[in-house]
Amino acid sequence: MSNETKRDVFGQLLNAYQNLISKDIEMHDENYRENITTPWNVVYDAALPDDLPVVSKDVSDAMRTYHFLWWKGFLDKAYDNELSSDGDINYKVRSESAEVALAWLLGVWRVEETGEIVKLEAEK
């Protein structure tokens, strides 16, 4: 799975189409062949949804640290103030619980401050 969203793939397809209809492309150009042979439906299907859950960086870091827990165990730690000693992370997890729950279930989310897409991968 890539880090591309469906909107990114649509933008790539639009660019490929614009290149194909431009007057500068000749039939023997390598880009021409690549643009017409790309299986766009497969690329689009493999792309991430545009509306990924968004969580703060602190919460994202906590989710990465405690990824081995079940969702309920992670939330219990937040409600028992066990995720951080100052309580800030615990409060953020509780206040963002709907987004955190969706991110946890999907295994992928976007970090609010950086826009980074984070995916939890199964350990090998």
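Every chain is numbered independently, its residues counted from 1 as its sequence is written. Side-chain atom pairs in this predicted model are given and counted only at pLDDT of 80 or more, local residue features only at pLDDT of at least 70, and totals for whole chains, interfaces and linings cover all residues. Only hydrogens and water are set aside when side-chain values are computed; all heavy atoms of the structure are taken into account.

### Thoughts on the nonpolar core
- Core analysis: the largest hydrophobic core is formed by 17 residues, its most contacted members being Met63, Phe74, Leu83, Val93 and Trp109.
- Each helix is a run of H or I in the DSSP string that is no shorter than four residues. Each strand is a run of E no shorter than two, and both are numbered from the N terminus. The set of elements that each furnish at least two residues to this core consists of helix H4 (57-65), helix H5 (71-79), helix H6 (88-95), helix H7 (97-106) and strand S2 (108-111). Throughout this description, the term nonpolar core refers to a set of buried Ala, Val, Leu, Ile, Met, Phe, Trp, Tyr and Cys residues connected via side-chain atoms within 4.5 Å. Buried means the residue's accessible area, taken with a 1.4 Å probe over protein chains only, is under 20% of the maximum for its type, while exposed means over 50%, and partly exposed covers the values in between.

### Brief notes about the pattern of salt bridges
- Basic side-chain nitrogens of Lys or Arg form a salt bridge, by our definition, when they fall within 4 Å of a carboxyl oxygen of Asp or Glu. Within this structure, the stated rule accounts for 5 salt bridges.
- As a salt-bridge pair, lysine 92 and aspartate 58 come within 2.6 Å of each other at their nearest N and O atoms. Taken as a pair, lysine 92 in helix H6 and aspartate 58 in helix H4 lie far apart in primary sequence, 34 residues in all.
- Overlapping salt bridges, with partners in common, bring together Asp58, Asp88 and Lys92 in one network.

### Structural notes on the side chain of asparagine 90
- One can find asparagine 90 in helix H6.
- Residue classification places asparagine 90 among the buried residues on the basis of a relative accessible area of 0%.
- Beyond its immediate sequence surroundings of up to four residues, asparagine 90 is in contact with Lys77, Ala78, Asn81, Glu82, Leu83 and Ser84. Throughout, a residue-residue contact means that at least one pair of heavy atoms, one from each residue, lies within 4.5 Å.

### Considerations on the sheet that holds strand S3 (residues 117-119)
- Strand pairing is defined by DSSP finding a minimum of two bridges between the two strands. With mixed pairing, 3 strands are arranged side by side in an open sheet as S1-S2-S3. The open sheet is flanked by strand S1 (54-55) and S3, the only strands paired with a single partner.
- As judged from the 2 bridges shared by S1 and S2, these two strands associate in the parallel manner. Paired with valine 55 across the bridge in S2 is valine 111.
- Each of S1, S2 and S3 is contacted by H4, which is oriented at about 145° to S2, the strand it contacts most. The convention used is that axes are lines fitted to C-alpha atoms, helices contributing only their stretch in contact, and that angles between N-to-C directions extend from 0 to 180 degrees.

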